[in-house]
Every structure is written in C-alpha cells, then in structure tokens.
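Working through the structure, step by step
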Amino acid sequence: PNSLSREERRSAIGEFERIEREITTLRNQAAKEKQINRRVELNLDVKRMEARLDAVRKKLSTGGPPRPTQYE
C-alpha cells in the first residue's frame, strides 16, 4: 500500500516530470556538442538525473522515501 499523501504524490509526480524534461534537454545538448569533454560531462549529468528519476519512481511505487543512489 502506498503511504504517500495526495499532496506528496502530486509533488513527486511533478518532480518526476521535471526530471524527465531536464534529461531530454541534457541529451539534446550532448548530441549537439562538438567537444568530447563537454559531451562526457553532459552524459554524466544525464546518468545522475536518471538515478534521481529512479529514486522518485521507487518513491511513487512504494510510498516510502527514496534511498540514496550511487550518483548522489
């Protein structure tokens, strides 16, 4: 059973959507980037954001607080 309140769930969904948009933006920037070092940096940012997205996804599915990931 999900123990999140309606407001907590709404907030988590908003955060999930915001992170998804940010990941899309970072991926687009990485695809256009000419410098390898900057592209690597953007791709690492994508990986960090994906880890945050997974934490929010778990929070929404289990109702508990997200556990720290290896990228945080």
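Note that the coordinates shown come from a computational prediction; the quantities given were computed from them, not determined experimentally. (Residues numbered from 1 in each chain as written. Predicted model: local features only at pLDDT ≥ 70, side-chain atom pairs only at ≥ 80, totals over all residues. Heavy atoms only, no water.)

So, the overall build of the chain
Our working definition: Each helix is a run of DSSP H or I of at least 4 residues and each strand a run of E of at least 2, with the numbering of both proceeding from the N terminus. When a residue's accessible area, from a 1.4 Å probe over protein chains only, is under 20% of the maximum for its type it is buried; when over 50% it is exposed; and in between it is partly exposed. Whether two residues are in contact is decided by their heavy atoms, any of which lying within 4.5 Å being enough. Shrake-Rupley sampling with a 1.4 Å probe provides the accessible areas, and residues are treated as covered by the protein chains on show and by no other component.
The number of helices and strands found in the chain is 2 helices and 0 strands. With 72 residues in all, the chain has 22% of them scored as buried. Restricting the contact set of the chain to residue pairs at least 6 apart, pairs at least 24 apart contribute 56%. For the chain, the exposed surface amounts to about 5500 Å²; the carbon and sulfur share of it is 49%.

Thoughts on the nonpolar core
Which entries qualify depends on this criterion: To define a nonpolar core, start from buried Ala, Val, Leu, Ile, Met, Phe, Trp, Tyr and Cys residues and group those joined through side-chain atoms within 4.5 Å.
Residues Ile19, Ile23, Leu26, Met49, Leu53, Val56 and Leu60 are the most contacted members of the largest nonpolar core, which totals 13 residues. For this core, the secondary-structure elements that each account for two or more residues are α1 (6-32) and α2 (36-62). Residues in contact with methionine 49, not counting those within four places in the same chain, are Ile19, Glu22, Ile23 and Leu26.

A few points about α1
Definition in use: Expected helix span is taken as 1.5 Å per residue step, with the number of steps being one fewer than the number of residues.
The end-to-end C-alpha distance of α1 is 40 Å, a good match for the 39 Å that 27 residues give at a rise of 1.5 Å each. Turning to α1, its buried residues number three or more, namely Ala12, Phe16, Ile19, Ile23, Leu26 and Ala30. Elements that come into contact with the buried residues of α1 comprise α2.

Some remarks on the pattern of salt bridges
What counts here: Salt bridges are identified by distance alone: a Lys or Arg side-chain nitrogen within 4 Å of an Asp or Glu carboxyl oxygen.
Taken as a whole, this structure holds 7 salt bridges when the rule is applied. A salt bridge links arginine 27 to glutamate 50, with the nearest nitrogen and oxygen atoms 2.3 Å apart. Taken together, the residues span a long stretch of sequence, with arginine 27 in helix α1 and glutamate 50 in helix α2 at a distance of 23 residues. The partner of arginine 38 in a salt bridge is glutamate 41, and the shortest N-O contact between them spans 2.8 Å.

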